[in-house]
Amino acid sequence: MPGLTRALVLPACRTLPWRLVGAAGVAGLLLAALTRTTGETGERLSLPLLRAAVLAFAMGLVFLLDDPARHTTATVPAPRPLRVALRVALVLPAVAAWWTSALLLVPPDVRPPVADLTLEAGAAFVLAVTGAAAAVRFTDVTRPGPLVAAGLLTSAVLAVLFWPKRWALFVPVEDDRWAAAHDRWAVVLAGAVLVGGVCAVEPVRRRWGRGGV
Amino acid sequence: MTTTVSASGLCLRYGGTRALDDVSLRLTGGVTGLLGPNGAGKTTLLRVLATARPADRGAFTVLGHDPATARGRQEVRRRLGYLPQTPGFHPDFTAFEFVDYVAILKEMTDRGARHREVRRVLDEVGLADVRGKRIRKLSGGMRQRVALGAALVGDPGFLVLDEPTVGLDPEQRMRFRELIARAGEGRTVLLSTHQTEDVAMLCHRVLVMAGGRVRFEGTPAELTARAEGRVWSSTERDPGAKAGWRTGTGTFRNVGEPPAGAELLEPTLEDGYLLTLDGAGAEVSA
């Protein structure tokens, strides 16, 4: 397996949707940079702007598992979890660099708590990739990205508007529920990792899916 | 002859549709053709046998391995080549890079041996001269050959080809026939096609599917023989014919139950196929 992984690194890197991830990253950084231009309202807007930046970048990450050659390589012995893990691992340094840059763009005096916000960002990124993995698991489409991006955007908007207050996720820094909200973000992250892991595995038997495997 | 694939009772549903309905079959070495109208379940059967999709029920083995277990599926995939109906590519890869990528996914990790194998395969499918060309710049026929090369890399014992000649011009189709015939030497090939000529020219066995079931299994000659005495010529379209069309000579070629005294014609594989479908209750159009 290590030999296979090593051999796959370069070609897998070339199959990644770098342009889309890059475009989403630039859009996200522009949103983060807006915190520098908002003057006195900067403190109030830095958190929503950073959250919007995270969403923008997550919209790029949903394209991570798009694979035009999916059907051609559907029955190769290299396990799907390895291929998914490799794609995620290859993009991880770019994600870390992007997040660091986004945080650095926010003036230190208006920067929200970094650890908590990193948890939110991590959960959003994992949710994006999990959505893509689920689309691959349950449909036959080769490019699930656009559909998952639309789903992610819609879910984010609906969550901001209608998420029950007692399970609030999107709270301001000064809110008493900030700590509890981030406990819930940790649950969201763990759940997304779990579902993503399940979706990345190719089932040997058909259980509930009607679409692709 | 050694059995490569043995399947019994394969069933698969999409919602209320039975894509596969109790399919049992046995495949041995050489090229076996799979004929059937659109929606007959050909692609679904091919995808199940190629381990791209599990069946709801039933069992099958490929080269003695049972893909119902993770280990068995892995073993099957190590011996399998699959050309899907609509092969996709990474368009920025060259033909060589793409087949090399598939070779890595087929666990060929020794770079030197892998590159030799990729060159051999590209040579075999007639792409040696364009192996450095990006796939986006190749014609449809050449792309199809890249996909065949990807299926052939690693010298699989079982090759699954889903309508490989669709959309190809006659010259490319002939070239592809040559490739498939060569691929069938020393391995088992299951070829799904709408082209009865492909089956007549390439296959030693043929399966006809309709409505998710295998309606015929035998040799092309046996399928043709089904139309023996049931193809006739007339000056007008015979209303009693299952299918009939005006030929280039101006007379009508009719398939079905001929009237007494009709001028019988030599049947073709296509006639046998049409009559098999008609017997299966499938729509016959000509």
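Chain B goes by ABC transporter ATP-binding protein in an unreviewed UniProt entry, where it is assigned to Streptomyces lomondensis. Under Sequence similarities (unreviewed entry), UniProt gives the following word-for-word description of chain B: "Belongs to the ABC transporter superfamily."

A. Geometry of unusual backbone geometry. All names here are of chain B. With a phi close to 50°, Asp155 is a non-glycine residue in the positive phi region. Following the sequence through the fold, Asp155 ends up in the loop between α5 (140–152) and β6 (158–162). Positioned with a positive phi, Glu163 is a non-glycine residue whose angle comes to about 45°. Within the element layout of this structure, Glu163 appears in the loop between β6 and α6 (170–183). When its relative accessible area of 7% is taken as the criterion, Glu163 is described as buried.

B. Region of the structure containing the sheet that holds strand β1 (residues 3–14) of chain B. All names here are of chain B. Judged by pairing direction, the sheet is antiparallel, and its 3 strands sit side by side in the order β2-β1-β4 without closing on themselves. Edge strands, defined here as strands with exactly one partner in the open sheet, are β2 (17–28) and β4 (57–62). Each strand of the sheet is rotated relative to its neighbour by a mean of 15°, with strand direction disregarded. Pairing geometry for β1 and β2, over 8 bridges, is antiparallel. The residue of β2 that forms the bridge with Leu10 is Val23. Strands in contact with helix α1 (residues 42–49) are β1, β2 and β4; relative to β1, the strand with the most contacts, it is inclined by about 120°.

C. Structural detail: the sheet that holds strand β3 (residues 30–35) of chain B. All names here are of chain B. The strand order β5-β6-β7-β3-β8-β9 describes an open sheet built from 6 strands, whose pairing is mixed. In this open sheet, the two edge strands, each paired with only one partner strand, are β5 (80–83) and β9 (213–218). Sheet twist, expressed as the mean angle between neighbouring strand axes with direction ignored, is 15°. The pairing of β3 with strand β8 (residues 205–210) spans 4 bridges and is classified as parallel. Within β8, the residue paired with Gly33 across the bridge is Val206. The sheet strands contacting α6 are β3, β5, β6 and β7 (188–192), and the helix crosses β7 at an angle near 145°.

D. Expanded view of a nonpolar patch on the surface. Judged by side-chain polarity, Leu153, Val157, Leu158, Val160, Leu161, Phe162 and Phe170 of chain A come together as a nonpolar surface patch covering roughly 670 Å² of accessible area. Examined against the element boundaries, Val157 of chain A turns out to sit in helix α6 (residues 145–162).

E. Here's a closer look at the nonpolar core. In terms of nonpolar packing, the biggest core is built from 96 residues, with Trp99 and Phe125 of chain A together with Phe98 and Val146 of chain B touching the most fellow members. The residues contacting Phe98 of chain B, other than those within four sequence positions of it, are Ala69 and Thr72 of chain A together with Gly88, Phe89, His90, Phe93, Ile135, Val146 and Ala150 of chain B. If you look at the next biggest cluster of nonpolar residues, it comprises 29 residues, including Ala74 of chain A together with Leu10, Leu34 and Val62 of chain B.

F. The arrangement of the interface of chain A and chain B in detail. Across the boundary between the two partners, chain A contributes 30 residues, which contact 41 residues of chain B. Counting each side, the surface lost to burial between chain A and chain B is near 3,100 Å², with a carbon and sulfur contribution of 58%. Our enumeration of links across chain A and chain B arrives at 4 salt bridges. Here Arg14 of chain A and Glu97 of chain B are joined by a salt bridge, their closest N and O atoms 3.0 Å apart. Counting the contacts that link chain A with chain B gives 10 residue pairs in polar contact (both at pLDDT 80 or more).

G. How the structure looks around the side chain of Thr32 of chain B. Residues and elements named next belong to chain B. Within the secondary structure, Thr32 sits in strand β3. You can call Thr32 buried: its relative accessible area is 3%. Ignoring any residue separated from it by four or fewer positions in sequence, one finds Thr32 in contact with Leu27, Val189, Leu190, Leu191, Cys203, His204, Arg205, Val206 and Leu207.

H. Spatial organisation of the packing of aromatic side chains. All names here are of chain A. Taken as a whole, this structure holds 8 aromatic pairs over all chains when the rule is applied. Centroid distance Phe57 to Phe125: 5.5 Å. Interplanar angle 85°. Geometry classified as edge-to-face. Within this pair, whereas Phe57 is found in helix α3 (residues 42–61), its partner Phe125 is found in helix α5 (residues 114–138), the two being separated by 68 residues in sequence. Summarising the burial analysis for this pair, Phe57 and Phe125 share the class buried. Note on Phe170 and Trp185: the rings are 5.5 Å apart at their centroids and 80° apart in plane angle, and the pair reads as edge-to-face. Of this pair, Phe170 sits in the loop between α6 and α7 (178–200) while Trp185 sits in helix α7, placing them 15 residues apart in sequence.

I. A look at the packing of helix α4 (residues 80–105) of chain A against α5 of chain A. Residues and elements named next belong to chain A. Interaxial distance between α4 and α5 falls to 12 Å at its minimum, and their mutual angle equals 150°. Judged by the inter-axis angle, α4 sits roughly antiparallel to α5. For the pair α4 and α5, the crossing hand works out as right-handed. Here Arg80, Val88, Val95, Trp98, Trp99 and Leu103 of α4 lie close against α5, whose contacting residues are Val114, Leu117, Thr118, Ala121, Phe125, Val129, Val136 and Arg137.

Cut-off values and rules
Residues numbered from 1 in each chain as written. Chains lettered and ligands numbered in written order. Predicted model: local features only at pLDDT ≥ 70, side-chain atom pairs only at ≥ 80, totals over all residues. Heavy atoms only, no water. UniProt positions renumbered as here; feature names shortened; annotations may be inferred. Helix = DSSP H or I, 4+ residues; strand = E, 2+ residues; numbered from the N terminus. Buried < 20%, exposed > 50% of the residue type's maximum accessible area, 1.4 Å probe, protein only. Pairing = 2+ DSSP bridges. Axes fitted to C-alpha atoms, helices over the stretch in contact; angles between N-to-C directions. Contact = heavy atoms within 4.5 Å. Patch = residues over 30% accessible without salt bridge, like charges linked within 9 Å, V, L, I, M, F, W, Y side chains within 5 Å. Areas by Shrake-Rupley, 256 points an atom, 1.4 Å probe, with all protein chains shown as cover. Salt bridge = Lys/Arg side-chain N within 4 Å of Asp/Glu carboxyl O. Core = buried A, V, L, I, M, F, W, Y, C linked by side-chain atoms within 4.5 Å. Buried area = accessible area lost by both parts, 1.4 Å probe. Polar contact = N/O pair within 3.5 Å; in protein donor to acceptor, adjacent residues only side chain to side chain. Phe/Tyr/Trp six-rings, centres within 6.5 Å; stacked < 30°, edge-to-face > 60°. Parallel < 35°, antiparallel > 145°, perpendicular 65-115°, else oblique. Left-handed = near helix turned anticlockwise from the far one by under 90°.

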